[in-house]
Amino acid sequence: MSLSEIEYTNLAIVLETWDIARFGSKNFEDEFGMVALQRLFVLQPRAKKVFGYDKGEEEGHKHAQVHAKAFAGLFDSVFQMLGPDVDFISDILAQVGKRHKAMGVNPSFFPFMGQALIHSLEHFLGKELTEDQRNAWEEVFDAISNEITKHILS
């Protein structure tokens, strides 16, 4: 799945659920990413090393907090730029991929991150996603993560 192949209806569903979750919590930017990362560490414990947990719990938590806050901001930025002209967002995601490569992120972590993202979203929505919402999020996340992982592997 590429960015240009995202169906408009699925993008609209993702943007709607993102806004509901985002604007329904006053601490969204601070908490969304941490909820997702905590779930990622349950699903894929090896991911903790990327965040410095191998150097101690305090060091890892400090690094994870910084990344967690950037996580929500990255999605906000990506969602604002998604549309018919994907070249600009592709360039940004290429840079994200290069940063992830430098940090030693394993591309195999991305499916787990997708599950963690949906878990965090459901946490902030206060309910499970419908099948249509889940399918839309999976499509959009797959397209974004494919663009990032392409540059991790290059």
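Everything that follows concerns the structure shown earlier in this document.
Residues numbered from 1 in each chain as written. Predicted model: local features only at pLDDT ≥ 70, side-chain atom pairs only at ≥ 80, totals over all residues. Heavy atoms only, no water.

(A) Region of interest: helix α3 (residues 57-81). With 25 residues, α3 ought to run about 36 Å at 1.5 Å a step, and its terminal C-alpha atoms sit 36 Å apart, in line with that. For α3, the set of buried residues is G60, A64, A68, F71, A72, F75, D76, V78 and F79. Of the surrounding secondary structure, the elements contacted by the buried residues of α3 are α1 (8-23), α2 (28-43), α4 (87-103), α5 (110-125) and α6 (131-152). (Helix = DSSP H or I, 4+ residues; strand = E, 2+ residues; numbered from the N terminus. Expected span 1.5 Å × (residues − 1). Buried < 20%, exposed > 50% of the residue type's maximum accessible area, 1.4 Å probe, protein only. Contact = heavy atoms within 4.5 Å.)

(B) Here's a closer look at the layout of surface pockets. Space inside the largest pocket adds up to approximately 380 Å³. Residue lining of the largest pocket: 20 residues in total, with H67, F71, L74, V96 and H100 positioned closest to the centre. For the lining of the largest pocket, the elements supplying multiple residues, two or more each, are α2, α3, α4, α5 and α6. Looking at the lining of the largest pocket, its residues break down into 17 nonpolar, 2 polar and 1 charged. (1 Å grid on protein atoms, 1.4 Å probe; cavity = no way out; pocket = protein on both sides within 12 Å on 5 of 7 lines; lining within 4 Å. Points joined across faces, edges and corners; volume = space filled by probe spheres on them. Nonpolar A, V, L, I, M, F, W, Y, C, P; charged D, E, K, R; others polar.)

(C) Molecular detail of the pattern of salt bridges. Here the structure, examined in full by the defined rule, presents 6 salt bridges. D30 serves as the salt-bridge partner of K69, at 3.1 Å between the closest nitrogen and oxygen. A residue pair is termed long-range when its members are at least 10 positions apart, and K69 in helix α3 and D30 in helix α2 qualify at 39 residues. On the basis of relative accessible area, D30 is assigned to the partly exposed category, the value being 45%. Ionic pairing is found between K62 and E59, a salt bridge with its closest N-O pair at 3.8 Å. Of this pair, K62 and E59 both sit in helix α3, 3 residues apart, which is roughly one turn of the helix. (Salt bridge = Lys/Arg side-chain N within 4 Å of Asp/Glu carboxyl O.)

(D) Summary view of the packing of aromatic side chains. Inspection of every chain in the model, using the stated rule, returns 14 aromatic pairs. Seen from their ring centres, W18 and W137 are 6.1 Å apart, and the 45° between their planes marks the pair as tilted. Separated by 119 residues along the polypeptide, W18 in helix α1 and W137 in helix α6 bring together distant segments of the chain. The exposure classification of W18 matches that of W137, with both residues buried. With a centroid separation of 6.1 Å and an interplanar angle of 15°, the aromatic rings of F32 and F71 are classed as stacked. Residue F32 is found in helix α2, and its partner F71 is found in helix α3; the two are separated by 39 residues along the sequence. Classification of F32 as buried rests on a relative accessible area of 0%. Judged by its relative accessible area of 8%, F71 falls in the buried class. Ring pairs connect the aromatic residues W18, F28, F32, F71, F75, F79, F124 and W137, which therefore count as one cluster. (Phe/Tyr/Trp six-rings, centres within 6.5 Å; stacked < 30°, edge-to-face > 60°.)

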